[in-house]
Amino acid sequence: VKYFFDWEFHDDGKTIEPISIGIVAEDGSALYLELPYNIPRIEADPWIMENVVPHLEGVTVPREQACESINKWVGDDPEFWAYYADYDWVVLCQLFGGMLKLPKRFPKLCLDLQQWWIQLGRPEGVKPPAHFGEHHALADARWNRDLHAALAEYAKR
Ligand SMILES: [Mg+2]
């Protein structure tokens, strides 16, 4: 089963601070979690304050609980997809304590929608329009699912 996900996070060049994650399965079912983040660090970043923080719902779960929720919710034989996926994948691995601590059934890589778009020859007009709620992790994860559907359709032509 494919899972499309997106994180909001803060990167200072040394560490990545997770803020929120949205995951959408192929069937449209969804999981959304916010993590308790370092408030001074986030407040010091005007871009995050303007683009990410307004979307947050303010109910956070501890990291261990987030891992448990993701582990329980994701089914067997998952395939993970994200858009410009590198950071998102590292954040997911780090949530579990590192790549080798991912649940055993998780693959050790994430597929990248942007990479697929490039490999298809950068087709114009295939990406879904920018969506309301951009930088809300769940809205972005849903957009990722739509983008995958659009690319799959394009690839069939
Ligand atoms: Mg996002």
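Residues numbered from 1 in each chain as written. Predicted model: local features only at pLDDT ≥ 70, side-chain atom pairs only at ≥ 80, totals over all residues. Heavy atoms only, no water.

*Asks:* Quick question: what am I supposed to make of the coordination of the magnesium ion here?
*Replies:* Under perfect tetrahedral coordination by four donors, a metal shows angles of 109.5 degrees; under perfect octahedral coordination by six donors, it shows angles of 90 or 180 degrees. Surrounding the magnesium ion are the protein donor atoms Asp6 (OD), Glu8 (OE) and Asp140 (OD), at 2.0 to 2.1 Å. Linear spacing of the donor residues for the magnesium ion on their chain is D-x1-E-x131-D. Judged by relative accessible area, glutamate 8 falls into the buried class, the value being 6%. (Donors = N, O, S within 2.8 Å, 3.2 Å for Na, K, Ca; no water. Buried < 20%, exposed > 50% of the residue type's maximum accessible area, 1.4 Å probe, protein only.)

*Asks:* Just checking my understanding: could you explain the sheet that holds strand S3 (residues 30–34) for this structure?
*Replies:* Spatial ordering of the open sheet is given by S3-S2-S1-S4-S5, a layout of 5 strands whose pairing is mixed. A strand with exactly one partner marks an edge of an open sheet, and here the two such strands are S3 and strand S5 (111–112). By the bridge criterion, 5 bridges tie strand S2 (residues 16–25) to S3 in an arrangement that is antiparallel. Looking at S3, one finds that isoleucine 23 is bridged to leucine 31. Contacting strand S1 (2–11), S2, strand S4 (79–82) and S5, helix H4 (residues 85–95) runs over the sheet at an angle of about 90 degrees to S1. (Pairing = 2+ DSSP bridges. Helix = DSSP H or I, 4+ residues; strand = E, 2+ residues; numbered from the N terminus. Contact = heavy atoms within 4.5 Å. Axes fitted to C-alpha atoms, helices over the stretch in contact; angles between N-to-C directions.)

*Asks:* Just checking my understanding: could you explain the environment of proline 128 for this structure?
*Replies:* Residue placement: proline 128 occurs in the loop between helix H5 (113–119) and helix H6 (137–156). Residue proline 128 is classed as buried on the basis of its relative accessible area of 16%. Each C-alpha atom, one on proline 128 and one on proline 62, is 33 Å from the other, the two residues being 66 residues apart in sequence. If we ignore the near neighbours within four places in the chain, the residues touching proline 128 are Trp143, Asp146 and Leu147.

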